[in-house]
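Each chain, written out:
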Amino acid sequence: MCGIIGYCGKKASSEVLLEGLKRLEYRGYDSSGICVDSPEGFKIIKKTGKLKNLLSIVPERPFGHNGIGHTRWATHGGVTDANAHPHTDCTGKISIVHNGIIENYETLRRLLKEKGHTFKSDTDTEVIAHLIESCYKGNLTKAVLEALSLLKGTYGLVVMHQDHPDVLVGARNGSPLIMGIGDGEMFLASDAAAIISYTKQVIYLKDGEVVTVTPDGFQTVDLDEKAVEKDIDVVEWEAEAYEKGKYPYFMLKEIYEQSKSIQRGMNGRIDMELATGHLGGLNMTPEELLKVERVVIIAAGTSYHAGLVAALLLENLARIPAHAEIASEIRYRNPIIEKNTLYFAISQSGETADTLYAMRELQRKGARVLGICNVVGSTIARESDGGVYIHSGPEIAVASTKAFTSQLTAMYIFTLIMARLRSMSYEDGSEFIKELTAVPAKIEKIFRNVENINIIAKKYCHTESFLFLGRGLNYPVAMEGALKLKEISYIHAEGFSAAEIKHGPIALINERTPSLFLVPDDRLHDKIISNMKEVKSRGGKIIAVAVENDEAVKGIADDVIEIPRASEYMYPFLMSIPLQFLAYYAALELGRDVDQPNNLAKSVTVE
Ligand code: M6R
């Protein structure tokens, strides 16, 4: 969602801030702004809309070496220039950028108004600036600490004060904030993407930590002002990993990365000799894993769809009862925590509020929750009781693609471990590994025929509604295909079990509502063919994703996307790739902003 960048050092801060904001665009935003120091006082420039609107009004000559910047995704107060960050106090000497939500801001605002403070925006954030003003007695850090003690809610924030031209104060509670350490310069940011072109040395702040940063150093304290020692981490990825390179959109780049990202997720985690997997981060012994009687997976959006596939696989292969639940639902239904149930929180960003809060609620009730995350050092990764990084590399496009297949990879390896501890034979384990390790090459094969998908996307993208239909492991893949299409092309799409449509959705079928069927050559193949015939006989157009040379499918479908043959368990990988391309090409043809679709944010850090 919102993005933060702060800089103090020798460079022209406006350049660093604008570059950082550019790299934060992917998070989703509707206005942006910067504040930089200058001999005449703060220069604050903010504007609604895309960053180019802000760039068009920033003076060419950059001023100041200290500054803060922000991309805002509106929550409290409309999308206006006045509501864009940074926000200032009455004196104009204190400036702040903030991610998160201040829950008691209305009370505080009323109290501050009674004391004579005047407000220029409708935001909750501005309250923080005025609170710091009322607490300020010459020491900025102390004023911030005192103000924070009065706040209820979540924040990642950075503050600057005109009387402290070399100082930034950052604080975190529920919204990520990291510190970047440079040579005679320091950065504060909501994520590494903003600062990666300057430094790879970072410090992840924890909730309840406040840091005071100068160009040459930093001091971290907790909310009681006790000093906190911090370790320096090195960001795993090079700056290029955060760039589009030769691709027009991050989404396309990330789709094409999948043969490599899946491979990376398997590296060092497959034991050919024992025909099992190895996931050290689980922090569980084989004895503990054997005691697991049920697996529950919590997640949102695409990660939830990966969880649905994983639950089916676990039941099928490891014979453990398993199900996936939408994180935002589990949290508020007072879930029963059973002994010997193992929970997973799947999240690309590791910051999704719905998933994080659900995880905390489960942990509070005594559950062991393992995290399946992509972003290293993210909150879910740190607060979970163990887990696995999926190593898919930075995912910048709002539409999740490579994270999905990497999440599957991690959960497939976990399933292998669980199955081999139970009833799966050595031979079956070896066969499963052979099939799983063959997936990247099969995906490469799909890449060779994407022009066909482009043609199909162009043919159907002017339709108003789409059905995605699959069965078994591919039913969640159908849901994922529908999500992908709707979020970036804005075509209405729904995913259903192919068998279920005759119980209702078939009423929607006509020549203007195409159905996309996922047709693997597994035991449900003939059943799906029957479902296709039901649609066909009602005049519906059919696109099928099917294995090469499936004549039965070719005889019914209007258009076919062919994928390589595989074992039935591997089709979720192979089926999802064409659906990602279909959504991409449809959005492209319709002139959509592929990487930053309407109203969406990459990491949804509010409930
Ligand atoms: O970072 P997470 O995996 O927790 O994010 C969950 C969803 O917000 C995310 O998958 C969302 O649905 C994507 N935009 C889908 O492409």
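Quick note: structure is the one above.
Residues numbered from 1 in each chain as written. Predicted model: local features only at pLDDT ≥ 70, side-chain atom pairs only at ≥ 80, totals over all residues. Heavy atoms only, no water.

1. Quick notes on the sheet that holds strand 25 (residues 542-547)
Ordered in space as 23-22-24-25-26, the 5 strands form an open sheet in which the pairing is parallel. Only two strands of the sheet have a single partner each, and these edge strands are strand 23 (492-497) and strand 26 (559-563). Strand-to-strand twist of the sheet, defined as the mean angle between neighbouring strand axes without regard to direction, takes the value 20 degrees. Both strand 22 (residues 465-470) and strand 23 contribute to a ladder of 6 bridges, which runs parallel. Residue pairing for strand 23: leucine 469 is matched across the bridge by phenylalanine 496. Contacts from helix 16 (residues 474-489) reach strand 22, strand 23 and strand 24 (515-519) within the one sheet, and its direction differs from that of strand 23 by about 175 degrees. Along the sheet, helix 17 (residues 525-536) contacts strand 24 and strand 25; its crossing angle with strand 24, the most-contacted strand, is approximately 165 degrees. (Pairing = 2+ DSSP bridges. Helix = DSSP H or I, 4+ residues; strand = E, 2+ residues; numbered from the N terminus. Axes fitted to C-alpha atoms, helices over the stretch in contact; angles between N-to-C directions. Contact = heavy atoms within 4.5 Å.)

2. A closer look at the pattern of salt bridges
Two side chains carrying opposite charge are able to pair once their charged atoms lie near each other. Summed over the entire model, instances satisfying the criterion amount to 37 salt bridges. One salt bridge in this structure joins arginine 27 and aspartate 191, with 2.4 Å as the shortest N-O distance. One end of the pair, arginine 27, is in the loop between helix 1 (13-24) and strand 2 (31-36); the other, aspartate 191, is in the loop between strand 10 (186-189) and strand 11 (201-204), and 164 residues separate them in sequence. Neither arginine 27 nor aspartate 191 differs from the other in exposure class; each is buried. Taking the shortest distance from any N to any O, the salt bridge between glutamate 209 and lysine 230 comes out at 2.7 Å. (Salt bridge = Lys/Arg side-chain N within 4 Å of Asp/Glu carboxyl O. Buried < 20%, exposed > 50% of the residue type's maximum accessible area, 1.4 Å probe, protein only.)

3. Notes on unusual backbone geometry
Note the cis peptide between histidine 85 and proline 86, where omega equals 0 degrees. One can find proline 86 in the loop between strand 4 (66-72) and strand 5 (87-88). The backbone phi angle of alanine 275 is positive, close to 55 degrees, even though this residue is not glycine. Within the secondary structure layout, alanine 275 lies in the loop between strand 15 (270-271) and strand 16 (276-277). One non-glycine residue, asparagine 549, lies in positive phi territory at about 60 degrees. For asparagine 549, the location among the structural elements is in the loop between strand 25 and helix 18 (551-556).

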